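Here is what each chain is made of, one letter per residue.
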Amino acid sequence: MLSLPYVLALCGWALGIAFIFTGAIAATWSNTILAELAVNTGLSNLSSLAKRAGGPTLEKSLSWMIIVYMFGSCISYQIIITSLFKYVCIKLGMNEDSVNTTWFSIYQAVPTAAIALFPMSLKKDMSAFRYVSLASIGALFYTGVVLI
């Protein structure tokens, strides 16, 4: 959402809005298909659906895609959290040269990963999605800080 104005500036209003609608329609359509397949087949997760649709090869491909997505998400969250932390520290009066060092980033990133990201990654079933609300609250807080 934070990059939406930038994307609209690059593509233009008409094409940008067309991309938003295309993405919304594709997401709704694909989620509806997956939900109908899950109900009709009685399968409870995406991995089972992939195995039934394409066999063990598709199931392994799905697992690898999820692993790659997981690492990408964790890295992007770390970058966003570190950038916000540095910004807040500079605004609170810390020396900008000391805040922009690699060691400062490490001293912030390691506890963040241990306290926030690691516990959220331990759950391996659908019940882990209840913790997404914590990430949503964090994202709203970040958006609020950026806007203020």
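The coordinates are above.
Residues numbered from 1 in each chain as written. Predicted model: local features only at pLDDT ≥ 70, side-chain atom pairs only at ≥ 80, totals over all residues. Heavy atoms only, no water.

Secondary structure summary: the protein contains six helices and zero strands in total. Reading the protein from its N end, one meets helices and strands in the order α-α-α-α-α-α. At a minimum sequence separation of 6, the contacts of the protein that also span at least 24 residues come to 29%. Within the structure as shown, the protein displays about 11,500 Å² of accessible surface, and the carbon and sulfur contribution to it stands at 73%. (Helix = DSSP H or I, 4+ residues; strand = E, 2+ residues; numbered from the N terminus. Contact = heavy atoms within 4.5 Å. Areas by Shrake-Rupley, 256 points an atom, 1.4 Å probe, with all protein chains shown as cover.)

Moving on, we get to the side chain of Gln108. With respect to the helices, strands and loops of the structure, Gln108 is situated in helix H5 (residues 102–121). For Gln108, the contacting residues outside a window of four places in its chain are Ile81, Thr82 and Phe85.

Another point: a nonpolar patch on the surface. A grouping of Trp64, Ile67, Met70, Phe71, Ile75 and Ile79 is seen on the molecular surface, where their side chains present a nonpolar patch of about 630 Å² in accessible area. By the element assignment, Ile79 lies in helix H3 (residues 46–91). (Patch = residues over 30% accessible without salt bridge, like charges linked within 9 Å, V, L, I, M, F, W, Y side chains within 5 Å. Salt bridge = Lys/Arg side-chain N within 4 Å of Asp/Glu carboxyl O.)

The next point concerns the environment of Val145. With respect to the helices and strands, Val145 occurs in helix H6 (residues 132–147). Assessed through its relative accessible area of 21%, Val145 is described here as partly exposed. Taking C-alpha positions, Val145 is 10.0 Å from Tyr87, a pair spaced 58 residues apart along the chain. Once residues within four sequence positions are removed from consideration, Val145 is found in contact with Leu84 and Val88. (Buried < 20%, exposed > 50% of the residue type's maximum accessible area, 1.4 Å probe, protein only.)

Here we come to the packing of aromatic side chains. This model, assessed by the stated rule, comprises two aromatic pairs. When the centroid spacing of 5.8 Å and the interplanar angle of 25 degrees are considered together, the rings of Phe85 and Phe104 count as stacked. With Phe85 in helix H3 and Phe104 in helix H5, this pair connects stretches of sequence that are 19 residues apart. The exposure class of Phe85 is partly exposed, given its relative accessible area of 37%. With a relative accessible area of 17%, Phe104 lands in the buried category. (Phe/Tyr/Trp six-rings, centres within 6.5 Å; stacked < 30°, edge-to-face > 60°.)

Its 29 residues place the ends of helix H2 (residues 13–41) 42 Å apart at the C-alpha level, agreeing with the 42 Å of an ideal helix rising 1.5 Å per residue. Two residues or fewer past H2, Gly42 is found with a positive phi of approximately 75 degrees. (Expected span 1.5 Å × (residues − 1).)

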